Amino acid sequence: MSFKRLCTLLAVSSCLSIASAHMQMSWPYPLRSPLDPLNPPEMKDYNMISPLDPSGDDYACKGYQYNTPWRPTASYNPGETYNITIVGGATHGGGSCQISLSYDNGVTFKVIKSIIGGCPIALTYDFTIPTTAPSGEALLAWTWFNHEGNREMYMNCAVVDITGNARSRSKRAATAALARLPSIYVANLADINSCKTVEMHDVVFPDPGKDVEYGGDMSSAS
Ligand SMILES: *[C@@H]1O[C@H](CO)[C@@H](O)[C@H](O)[C@H]1NC(C)=O
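Residues numbered from 1 in each chain as written. Predicted model: local features only at pLDDT ≥ 70, side-chain atom pairs only at ≥ 80, totals over all residues. Heavy atoms only, no water.

Participant: Sorry, what's going on with the overall build of the protein chain here?
Facilitator: When helices and strands are counted, the protein chain shows four helices and nine strands. Mapped in sequence order, the helices and strands of the protein chain form the string α-α-β-α-β-β-β-β-β-β-β-α-β. Per-residue burial over the protein chain gives 50% buried out of 222 residues. Intrachain contacts of the protein chain at a sequence separation of at least 6 include 73% that bridge at least 24 residues. Here the protein chain has roughly 10,300 Å² of accessible surface; of this, 55% comes from carbon and sulfur atoms. (Helix = DSSP H or I, 4+ residues; strand = E, 2+ residues; numbered from the N terminus. Buried < 20%, exposed > 50% of the residue type's maximum accessible area, 1.4 Å probe, protein only. Contact = heavy atoms within 4.5 Å. Areas by Shrake-Rupley, 256 points an atom, 1.4 Å probe, with all protein chains shown as cover.)

Structure follows, in C-alpha cells:
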C-alpha cells in the first residue's frame, strides 16, 4: 500500500505520526545517534529521523558538528569500499541520496556517491573512498531528498577517520583532488538557496560525480 493511500485510509492525526516517522543513517553512527551505544543519553537525538529545518538554520548536520564531541565511528582506507545503512519507518517512496565527505567541519561537502531514484529503499549502499581522499578526520554525510511527502532535506553526519593515504600523496595534491569532486546538492532549505525538489519526481543531481547508482524508475538516461 502506498504512503498516500495509507494516509487517506487513516485519521489525519495518525497520518501525521506516520509522516513524522522518517529515516536515519544507522551505520556509521552519526553524531548524536540514538543507536550508538557509546553515546550518553543526553547526547542522543531521538529525532535523528527528522529532516533538517526548512529554514536551513541547522544545515549542515543539524549543527551537531559544532556542539558534540568528535569521536570517529568508522575508519576508512582510501580506495576501499564500505557501506552505509539506513533504518526507519517511512521511506516516502524512495527518492535520491548522496554520500559526501567534509574536511572543514561541514562548511563544504564533496560528493563520493550519488544514488538517483529508489533511495533509501534498499537500506544499505556501498561507496568507495576515493584513492585521493586526504588523511584525517572527516564528516561523512548521508543526504536524502524524499520522493513523496513534504519537500525536505535529510542529513545525518558521522565523524570518520580516513587513514594514511596508500599513495602517500602530498597534502596539497589530496586537497586539490578533493576540490574537484562535485559539491553536495542542497535544496528545500529556504535561507540557503531557492532550489526546490518536485514531489513524485526523484531528484536527478546536476553533478552527481563518477560513482552513480540508479534505483526506482531511474536510469542513466534520466
Ligand atoms: C556493511 O558493513 C559492515 C561492516 O562495516 C558489515 O558488517 C555488513 O555486513 C555490511 N552490510 C552489507 C549489507 O554489506
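Participant: Looking at this structure, I do not really get the sheet that holds strand S1 (residues 23-27). What am I missing?
Facilitator: Reading across from one edge, S1-S3-S6 is the order of the three strands in this open sheet, with antiparallel pairing throughout. Edge strands, defined here as strands with exactly one partner in the open sheet, are S1 and strand S6 (124-128). Each neighbouring strand pair of the sheet contributes to a mean axis angle of 35 degrees, computed without reference to strand direction. Two elements, strand S3 (residues 81-88) and S6, share five bridges in a ladder whose sense is antiparallel. Opposite Thr 85, over in S6, you have Thr 124 as the bridge partner. (Pairing = 2+ DSSP bridges. Axes fitted to C-alpha atoms, helices over the stretch in contact; angles between N-to-C directions.)

Participant: What is the right way to read the pairing of strand S4 (residues 95-102) from this model?
Facilitator: Consecutive side chains along a regular strand alternate between the two faces of the sheet. The buried count for S4 comes to eight of eight residues, which makes it a mostly enclosed element. For S4 and strand S7 (residues 136-146), the ladder comprises eight bridges, and the chain directions are antiparallel. Its bridge partner being in S7, Ser 102 is matched across the sheet by Leu 139. The pairing of S4 with strand S5 (residues 110-116) spans five bridges and is antiparallel.

Participant: Explanation requested: empty space enclosed by the protein in the structure shown.
Facilitator: A probe as big as a water molecule, rolled over the atoms, marks out the empty space that is left. Under the criterion given, the structure shown has one cavity of 30 Å³ or more. Counted as a void, the largest cavity has a volume near 40 Å³. Every residue along the wall of the largest cavity is listed here: Pro 30, Leu 31, Met 48, Cys 61, Lys 62, Tyr 64, Met 155, Asn 156 and Cys 157. Counting residues per element, the lining of the largest cavity draws most heavily on strand S8 (residues 154-162), at three residues. Residues that form the lining of the largest cavity fall into these classes: seven nonpolar, one polar and one charged. (1 Å grid on protein atoms, 1.4 Å probe; cavity = no way out; pocket = protein on both sides within 12 Å on 5 of 7 lines; lining within 4 Å. Points joined across faces, edges and corners; volume = space filled by probe spheres on them. Nonpolar A, V, L, I, M, F, W, Y, C, P; charged D, E, K, R; others polar.)

Participant: Got a minute to help me understand the layout of surface pockets in this structure?
Facilitator: Its volume calculated, the largest pocket comes out at about 280 Å³. In terms of lining, the largest pocket is formed by 15 residues, of which the most central are Ile 112, Pro 130, Leu 181, Lys 210 and Asp 211. Breaking the lining of the largest pocket down by element, the ones donating at least two residues are S5 and helix H4 (171-180). A per-element tally of the lining of the largest pocket places S5 first, with four residues.

Participant: Help me understand the environment of Ile 192, please; the structure alone is not making it clear to me.
Facilitator: By the secondary structure assignment, Ile 192 is in the loop between H4 and strand S9 (212-214). We classify Ile 192 as partly exposed; its relative accessible area is 38%. In this structure the C-alpha to C-alpha distance between Ile 192 and Pro 54, which are 138 residues apart in sequence, comes to 9.7 Å. For Ile 192, the residues in contact, after removing those within four places along its chain, are Ser 55, Gly 56, Tyr 59 and Val 186.

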